[in-house]
Amino acid sequence: PRKVPLMTARRNAALVSIITCAGLITAACTGSGTDAGGPASDKTFVLATSTDPGALDPSMGASSALFWASRFAYDTLVNSALDGTVQSGLASDWSQDEEKVVFTIKDGITCSDGSAFTAATAAANINFISDMENASPMLGAFLPVGVTAEAEGSTLTLHTAEPAPFILSGLSDLFMVCDAGLADRSTLAAATNGTGPYALTEAEPNDHYTYQIRDGYTWGPDGAATDGSDMPGEVVIRVIENETTAANLLLSGEVNAALIFGADSDRLDQAGLFSVSANSVIGEAWYNHAEGHVTSDPAVREALVKAVDLAELRQVLTSGKGTAPTTFATVDPVPCPGEVISANLPTFDLAAAQAVLEEAGWVPGADSVRVKDGVRLKIVFIHDSALGDPGAAAAELARAAWVSAGFEVEQSQLPTDQVEPILFGSGAWDVMWEPINISSPDQIVGFVSGPDIASGGTNFASIDNAGYVAKVASAMEQLGTAGCATWLEAEAELVKANDVTPFANNQVKLFGSGAEFGRVSTIMPTSIKMVG
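Nothing here was measured: the structure is a model prediction, and the numbers come from that model.

(A) Structural view of unusual backbone geometry. Of note, Asn 206 is a non-glycine position whose phi angle comes to about 65°, a positive value. Residue placement: Asn 206 occurs in the loop between β10 (198-204) and β11 (208-213). Residue Asn 206 is classed as exposed on the basis of its relative accessible area of 53%. The backbone of Ser 319 sits at a positive phi, close to 55°, despite the residue not being glycine. Topologically, Ser 319 is positioned in the loop between α8 (310-317) and α9 (350-359). Judged by its relative accessible area of 37%, Ser 319 is partly exposed.

Structure follows, in structure tokens:
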């Protein structure tokens, strides 16, 4: 719900989604296929999104809105089922060892422009994303760094630079572009060129996007096809920023699906609307470690975390329904469950936060703002507007606490499509509330280690945590869940250093009116059934 501001990872996610409900990077999407039997219905399915997806190239954006839109027009090599098992997609078969993953691409797959999708097309997609010069946010999030691809006939082989324990999970969120789009990616900004069950026919940025169903589609998750009689013939994604407005349109039947995580969720439940839910992180604080930012000072980060009552922020942000995060991966099915967050967070203590700053040389100035060597203790604090009114209220609580500790706070609330270029471009921020939802621990590695944005990487906060890097290297040597204990130890290093602070999870609900569907973090198009 990353993949609300849930950035599933510009250059992720996931930003992984970025979210599921608010943010960057989303991950691990699934849904059951419809049964064959006649043409799709002539009904229109209207999906509300709180932010515009921006440029539509599925390999070059990290917002949740783009993930949702891309799912209709593009496919992935494999898909993830709700129970974590791998289902077919563009590939019918696959095998994996410590050095490579081999896929057999299905015969007869066609693109929306009528061309054939082949193993060579898939290889070109992988090699584009893997090339750091292209600055794809998918690299390091859904595709491990160093992967190369080659094709021979219908066989696609991915060579991994090192063991990639969760590569199949990542590939289930890596959308494949067709040859014409690969040849000229500028054509993907306002159009689609994929193998998905729908093709874009109209784009009105910040208003709506219209997709028409494709006949003859038979290569969806586990063989899902568009000839199910209950699938909508047309899909319209409407940009509706206000959650209450989206809820009202659900009740009136003008919208068929909308992600709701605030107080409006209760009245939709009471009205008996269909819904599916997913666990997601919606409260996650990032601190800019880049040179020239006060948050590069470990004492400043420690004070920022100690000065706020994270339990109170969670209560406000989730309207009392949230839980404390336990791991960085939240999107079910999580392969490495555990508890590494709460046990490693500093205790809330405003006086202790002030003492940490004092000891580090940040002393009170004439106007109560602390100073050190002539530099004011000022932070630029940005939070995603997709968090709605609860997010704004929680942000105000945090701002007040930081002011009490001696910070000057420049606060702003921005939509996800404006947050992304700041995180992955200008770097004009110190504290950012932008949750990144992931399903496996390796998907966040590129965001919290390795090259920063200036160096062509996705480490937007310029984090340099030697303990985390060492433990990740050890965990990567083992396939699947064998390295889970080490992955959790690595995550603990990030929390102890106050490099990033997850503080609120919530069950985010996707409501349906006149339609039903299956999903984890985005709707699987072939699971949509128009009802009523």
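Having seen the model, we can carry on.
(B) Geometry of the packing of aromatic side chains. Summed over the entire model, instances satisfying the criterion amount to 15 aromatic pairs. When the centroid spacing of 5.2 Å and the interplanar angle of 85° are considered together, the rings of Phe 274 and Phe 517 count as edge-to-face. One end of the pair, Phe 274, is in strand β14 (residues 274-287); the other, Phe 517, is in the loop between β22 (515-516) and β23 (529-530), with 243 residues separating them in the sequence. Assessed through its relative accessible area of 25%, Phe 274 is described here as partly exposed. Residue Phe 517 is classed as buried on the basis of its relative accessible area of 5%. With a centroid separation of 6.1 Å and an interplanar angle of 55°, the aromatic rings of Phe 447 and Phe 460 are classed as tilted.

(C) Region of the structure containing helix α2 (residues 119-130). With twelve residues, α2 extends 16 Å from end C-alpha to end C-alpha; this agrees with the ideal 16 Å at 1.5 Å per step. Counted residue by residue, α2 has nine buried out of twelve residues, so it is predominantly covered. Looking at the buried positions of α2, the neighbouring elements they touch are β7 (100-105), β8 (148-152), β9 (155-159), α3 (167-171) and α4 (179-183).

(D) Summary view of the packing of helix α7 (residues 298-306) against α9. Look at α7 against α9: their axes get within 8 Å of each other, and the N-to-C directions meet at 170°. When the axes of α7 and α9 are compared, the pair comes out roughly antiparallel. Between α7 and α9, the residues in contact are Ala 299, Val 300, Glu 302, Ala 303 and Lys 306 and Leu 350, Ala 352, Ala 353, Val 356 and Leu 357, respectively. Split into classes, the residues belonging to the contact of α7 with α9 amount to eight nonpolar, no polar and two charged.

(E) Local environment of the environment of Lys 306. Take Lys 306: it is sitting in helix α7. What makes Lys 306 buried here is its relative accessible area of 16%. It is 4.7 Å that separates the C-alpha atoms of Lys 306 and Phe 348, two residues lying 42 residues apart in sequence. Excluding residues within four positions of it along the chain, Lys 306 makes contact with Pro 346, Thr 347, Phe 348, Asp 349, Leu 350, Ala 352, Ala 353 and Val 356.

(F) Expanded view of the nonpolar core. Grouped together as the largest cluster of nonpolar side chains are 138 residues, with contacts concentrated most on Phe 45, Trp 286, Trp 402, Phe 407 and Trp 433. Every residue in contact with Phe 407, bar those within four places of it in the chain, is listed here: Val 300, Ala 303, Leu 304, Leu 357, Leu 377, Ile 379 and Trp 402.

(G) Structural detail: the side chain of Asp 430. Tracing the backbone through its elements, the reader meets Asp 430 in the loop between α11 (416-426) and β20 (431-433). Salt bridges are absent for the buried Asp 430, whose nearest opposite-charge side chain, Lys 378, sits at 7.8 Å. Within polar-contact distance, the side chain of Asp 430 engages the side chain of His 293 at 2.7 Å. A polar contact of 2.7 Å, which involves the side chain of Asp 430, links it to the backbone nitrogen of Val 380. When neighbours within four sequence positions are excluded, Asp 430 is seen to be in contact with Trp 286, Tyr 287, Asn 288, His 293, Val 294, Thr 295, Lys 378, Ile 379 and Val 380.

(H) Molecular detail of the pattern of salt bridges. Scanning the entire structure with this criterion turns up 16 salt bridges. Asp 266 is paired through a salt bridge with Lys 321; the nearest N and O atoms lie 2.3 Å apart. On the criterion of sequence distance, the pair formed by Asp 266 in helix α6 (residues 264-270) and Lys 321 in the loop between α8 and α9 is long-range, its members being 55 residues apart. One network of salt bridges, in which partners are shared, links Asp 367, Arg 376 and Glu 408.

The rules behind the values
- Along each chain, residues carry numbers from 1 onward, in the same order as the chain's sequence is written.
- Local features in this predicted model are restricted to residues of pLDDT 70 or higher, and side-chain atom pairs are both shown and tallied only at a pLDDT of 80 or more, whereas totals for entire chains, interfaces and linings draw on every residue.
- To obtain the side-chain values, all non-hydrogen atoms of the structure were included, while hydrogens and water were left out.
- By the criteria applied, helices consist of DSSP H or I runs no shorter than four residues and strands consist of E runs no shorter than two, each listed in order from the N terminus.
- Each residue gets one of three labels from its accessible area relative to the maximum for its type: buried under 20%, exposed over 50%, partly exposed in between, using a 1.4 Å probe on protein chains only.
- Ring pairs are drawn from Phe, Tyr and Trp, using the six-membered ring of Trp, whenever the two centres fall within 6.5 Å, and their geometry is named by plane angle: stacked under 30 degrees, edge-to-face over 60, tilted for the rest.
- Helices are assigned an expected span. That span is 1.5 Å times one less than the residue count.
- Any two residues whose heavy atoms approach within 4.5 Å at even a single point are treated as in contact.
- An axis is simply a line fitted to the C-alpha atoms; with a helix, the fit covers only the stretch in contact. Between two such axes, the angle follows the N-to-C directions and lies from 0 to 180 degrees.
- Throughout, the term roughly parallel applies to angles under 35 degrees, roughly antiparallel to angles over 145, roughly perpendicular to angles from 65 to 115, and oblique to all others.
- Gly counts as polar in this scheme, as do all residues outside two lists: the nonpolar Ala, Val, Leu, Ile, Met, Phe, Trp, Tyr, Cys and Pro, and the charged Asp, Glu, Lys and Arg.
- What makes a nonpolar core is a set of buried Ala, Val, Leu, Ile, Met, Phe, Trp, Tyr and Cys residues whose side-chain atoms join them at distances within 4.5 Å.
- Counting rule for charge: Lys and Arg are taken as positive, Asp and Glu as negative, and neither His nor the chain ends is counted.
- We define a salt bridge as a side-chain nitrogen of Lys or Arg found within 4 Å of a carboxyl oxygen belonging to Asp or Glu.
- Polar contacts, as used here, are pairs of N or O atoms within 3.5 Å; protein pairs need one atom able to donate a hydrogen and one able to accept it. Residues neighboring in sequence count only if both atoms are side-chain atoms.

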